[in-house]
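Take a look at the letters that make up each chain.
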Amino acid sequence: MAATMPPPPSRSPPPPPRAIFSPRCTSLQTPSTQPQHRYLPDGGPQRQGHVSPRRARARPPRERDLAAPYAREIGACVRARRWGAACEAFASMRAVGAAPDRFLLPQVLRACAGLGSPRLAAAAHALAAKGGAALAEDPVVGNAIVAMYAALGDVASARAAFASLPDRDVVAWTALIGAHADAGEPDEAFDLFEEMQESGVRPDLISWNTLVSGFARIGDIGAALHLFDEMRLRGVEPGVNSWNCVISGCVQNALYEEAMGIFQEMCESKRPDSVTVASILPACAGLQALRIGKQLHSYVLRHGIKLNVYIGASLISMYSECGEFDYARVVFSTIEEEKNATVWNELIQLYIREGRMDKAWEAFNRMQEDGLETDIVTYNSFIAEYARAGQKEQAYELFSGIVDMGLKPNVVSMNALICGLYQHGLYTDALEAFRYMQGSSDAKAKAWRFLDNSSPIQPTGTTITSVLSLLTDLKLDRLGKEVHCYALKNGLTSNIFVSSKLVDLYGKIGDVTSAANVFQKIGNKNVVTWNSLLAAYKHNKKAEVALKLFSEMLESNLHPNLVTVQIALLSCGMTMALGYGRELHSYITKSWPGGFPATLACALMDMYGKCGNIEDARLVFECTVPKDITVWNTMMSCYLLHRMPMGVIDLFDCLEQSNIQPDPITFILLLSACKQEGLLEEARGYFNNMEDVYGIKPTLKHYTCMVDIMGSAGLLAESLTLIQEMPVEPDACLWSTVLKACKLHSNLEVGEKAAKALFKVEPNNTSNYMVFSNIYADTGLWDSTEAVRDAMTEQGLHVEKQCSWLYRGTAVHPFEAGDLSHPAIDVILSTWKDLTTRMEQSGYSPRDIEPYCNVEADPFSCHHTEKFAVCYGLISMNDNEPIRISKNFRMCMECHSSIKFISRDKNRQILVSDGCTYHRFKDGTCSCGDAW
């Protein structure tokens, strides 16, 4: 995808500085070529041939005349945000002996802050202090000093400058509040906001906006919107900038749906300005909401809003992220002002996304020809792409080239490299880069020789988040805990994204206790944080806890987003909480009145399917417009779950007529339906048409489906031939499929071959041993059966305890084999006894439930836990309410027959999911047709 990196274009040398006060200097002294200072007895400097400093402060007419042109140039540079040029002009002004006045110095201070140079800022502050009372005590200058340190992120210096002010007006207070807000300390900012009012200073709209922005930037949108209400109560109407602060905060925290909702609310009372458009466009890109992005572009054109570099850059980014590269190029060519580095960087990024690295480097050269210096942001885009493409040597070479040109790679460079390497699967290289950032000597030895190891780049929250994502995917819990410790030691756990990713990490490795502990310590929990915890419990099959936490989240006045609702719906499906799922369906309809996204439609269909309501799942399918292939696949999977294979095949016929292209998942579902229906020849036809008609190359999963179909038909020898001829290596799932087919047909010869291959690739899976043991048992080889079980014991493998769960609303009642602690156990046993009597009277003799009561019973046999769940459902639920049960083991024939009888005798609908099939018992029959 990426071409070999050409040598970085040479950079022309910078023009000689007109004075030492420049982006490269650290003081406000004039050059050595200027007249030298001599010191008077009082310690004050006096320039030879010039008036003394004391007389200079009087600003004679000649000095004012000298300062005027420089002041105009500095003002123009500041307005254009050309901070370096402003500082150069001021140095030239000082070189001719002119001094700033109370109007010019704040401009210079702003330029120092914009340049991001703490040393220059300190020098400018010193110049103000030496300027006498006219400058040192001027409130405008004092406020500018506080604002300068705030912009530099130096909260301590901002507080010191604020404390030295004789009179603190609303501007000074707002600057200090902004310093704490920018530092990610909204609580401290709020305390100052209250203290300001207690001191008699009334906050203005800018003060409110500063506070709102502080909470929004850390993702606490609820607090930001609460401040909106407070503003109105105190007589301050939120302006467009107030709304912009919240929208921008949402976007910075990747809360794109929230940003879009707030934008729509804003449009009901305010007219969006250029800042609004530039702020909301990244949300359109994040949501792939191209239609809304185009409407915003049209809005800019219709209302005569200038297509400046900010809107232009946002539009280019939005179009390129949505794949509309031609539109993005048109926007670049129509920007109405001189293009800055940000716009050029977006054009370069456009070509990179398009996979045209040659064009990206061509744009790089044109940017330099346009008189702009490429910055580290430009190079970071190339580094990220080379890493994503797996071209790590080119990425390292580019790092080296950056250093040779005098630029220093920053933490964003390292983050881009780590993320790219991780995305390409180069996990070792990504971890090595992180080790370098931690100061590891081992990491420095290899690829990082070209960097200055005396001051390694410190990881940020973004770095930690990327590394945690990598470790989560690899299930490296020990390294994950090491990174957690590193984040704690370096104060990075206060970053909401780091904390959320830690919750996700612990959830994925099965440690929900640690996930909950991290969650509890998070100060400003947002929707992303809650989603991580909900997903952790759902992932660990504790869906009932996830639903309970979802209710707690709503009580905390946080609004769920699309991901939250998805997790809740999936949890409802896992717990068969149909009533709760219907409530969520109603909430979705109200929240998305114009039609909800396809992802939510799929989650709804999945929920209804797993709750036994296939009709409602089909209704959601029919009402979803437009339908993408994911929607079709989800409906097919619902039919498959309910053992309705012809429903899958009929739906595929409709899919072919809809002109929507099936994907690989479609054919997995289709082949699985053929297996359920026993359609061997039809399955072969679909398998061959995948590549011949649809251009989809069969994967290992498709071959596994064919092996399963052939095995079910008893064609075990043919299935082994297919395995030998297929172009991919078989995995544990495929050999497990063969082994189960051997059990079905009691084929010991092929079963032993499959077991031998299976135990090599998956030696610690208990279920494989159980199936193999049962094959020996079915053929009467009891010594071999015991040998398999002994082998399990020697390896420390144990059969999971059998358990069934009864679902009542969101409450879950477990029934584990051997556990007689249920408070209603006596009534349950009595109910089963009555049912046994009625079965015997009808001519059916059920087996005893002794295995449930005896924990020492054979773990390989059924413990009939679902019988206990059914009995408790009969005595605790309304007569017209379906009984919903799930089980972690396949139902035995005895339980299946007993529940069929109970459904007819008690006139109850009983739904049982055993992990293999969804059984719907009604009127003495089962939806599986007694084949599962």
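Relevant structure appears above.
What counts and what doesn't
Residues numbered from 1 in each chain as written. Predicted model: local features only at pLDDT ≥ 70, side-chain atom pairs only at ≥ 80, totals over all residues. Heavy atoms only, no water. Salt bridge = Lys/Arg side-chain N within 4 Å of Asp/Glu carboxyl O. Helix = DSSP H or I, 4+ residues; strand = E, 2+ residues; numbered from the N terminus. Buried < 20%, exposed > 50% of the residue type's maximum accessible area, 1.4 Å probe, protein only. Pairing = 2+ DSSP bridges. Expected span 1.5 Å × (residues − 1). Arc of directions from axis to C-beta. Contact = heavy atoms within 4.5 Å. 1 Å grid on protein atoms, 1.4 Å probe; cavity = no way out; pocket = protein on both sides within 12 Å on 5 of 7 lines; lining within 4 Å. Points joined across faces, edges and corners; volume = space filled by probe spheres on them. Patch = residues over 30% accessible without salt bridge, like charges linked within 9 Å, V, L, I, M, F, W, Y side chains within 5 Å. Areas by Shrake-Rupley, 256 points an atom, 1.4 Å probe, with all protein chains shown as cover. Lys, Arg positive; Asp, Glu negative; His and termini not counted. Charge placed at Lys NZ, Arg CZ, Asp CG, Glu CD. Phe/Tyr/Trp six-rings, centres within 6.5 Å; stacked < 30°, edge-to-face > 60°. Lys NZ or Arg CZ within 6 Å of the ring centre and 35° of its normal.

Explain the pattern of salt bridges residue by residue, including any values.
Oppositely charged side chains may form a pair once their charged atoms are brought near each other. For the coordinates displayed, the defined rule picks out 24 salt bridges. The closest approach of N and O atoms between Asp 504 and Lys 508, which form a salt bridge, is 3.2 Å. One end of the pair, Asp 504, and the other, Lys 508, are both in helix α28 (residues 496-508), four residues apart, so they sit about a helical turn from each other. The class of Lys 508 is partly exposed, set by a relative accessible area of 30%. Between Asp 879 and Arg 908 there is a salt bridge whose closest N-O contact spans 4.0 Å. With Asp 879 in the loop between α48 (865-876) and β5 (883-887) and Arg 908 in the loop between α49 (893-905) and β6 (910-913), this pair connects stretches of sequence that are 29 residues apart. Linked through salt bridges whose partners overlap, the residues forming this network are Asp 326, Arg 329, Glu 354 and Arg 356.

Give me the pairing of strand β4 (residues 811-816): which residues, what numbers.
Pairing of strand β3 (residues 803-808) with β4, which is carried by six bridges, proceeds in the antiparallel orientation. Paired with Cys 803 across the strands is Glu 816, a residue of β4. What sits between β3 and β4 in their antiparallel hairpin is a turn of two residues, with Gly 809 showing a positive phi close to 65°.

Can you explain helix α27 (residues 477-489)? Please cite residues and give values.
Because each turn of an α-helix spans 3.6 residues, side chains separated by three or four positions in sequence point in the same direction. Here α27 is 13 residues long and its end C-alpha atoms lie 18 Å apart, about the 18 Å a rise of 1.5 Å per residue gives. Within α27, burial applies to Leu 479, Gly 480, Val 483, His 484, Tyr 486 and Ala 487. One side of α27 holds all its buried residues, which, seen down the axis, span an arc of 160°. Every exposed residue of α27 that faces more than 90 degrees away from the buried side is listed here: Arg 478 and Lys 489. Tucked inside the fold, the buried residues of α27 contact α24 (427-437), α26 (461-474), α28 and α29 (512-520). In the stretch just after α27, Gly 491 is the one whose phi turns positive, near 65°.

Please set out the sheet that holds β6 residue by residue, giving values where relevant.
If you walk across this open sheet you meet the six strands as β4-β3-β5-β6-β7-β8, and the pairing is mixed. Two strands in the sheet have a free side with no partner beyond their single neighbour: β4 and β8 (925-926). Here β5 pairs with β6 via four bridges, running parallel. Looking at β6, one finds that Arg 884 is bridged to Leu 911.

Talk me through empty space enclosed by the protein; I want residue IDs and the actual numbers.
Tallied over the entire structure, the rule returns one cavity of 30 Å³ or more. Quantified by volume, the largest cavity comes out at close to 30 Å³. Every residue lining the largest cavity is listed: Ala 136, Glu 137, Asp 138, Pro 139, Asn 143, Leu 165, Pro 166 and Asp 167.

Account for a negative patch on the surface, with residues named and values stated.
Taken together, Asp 187, Glu 188, Asp 191, Glu 195 and Glu 198 make up a surface patch of like negative charges. Take Glu 188: it is sitting in helix α10 (residues 186-198).

How would you summarise the packing of aromatic side chains if you had to cite specific residues and measurements?
Per the stated rule, a full pass over the model turns up 22 aromatic pairs. Measuring from ring centre to ring centre gives 5.3 Å for Phe 687 and Tyr 703, while their planes differ by 70°; the resulting arrangement is edge-to-face. Of this pair, Phe 687 sits in helix α39 (residues 680-694) while Tyr 703 is found in helix α40 (residues 700-712), placing the two residues 16 residues apart along the sequence. With respect to class, Phe 687 is no different from Tyr 703; both count as buried. Pairwise contacts between aromatic rings join Trp 361, Phe 364, Tyr 379 and Phe 382 into one cluster. Across the ring face of Phe 519, the terminal group of Lys 525 is positioned such that the distance to the ring centre comes to 5.1 Å.

Nothing here speaks to function; it is all geometry.
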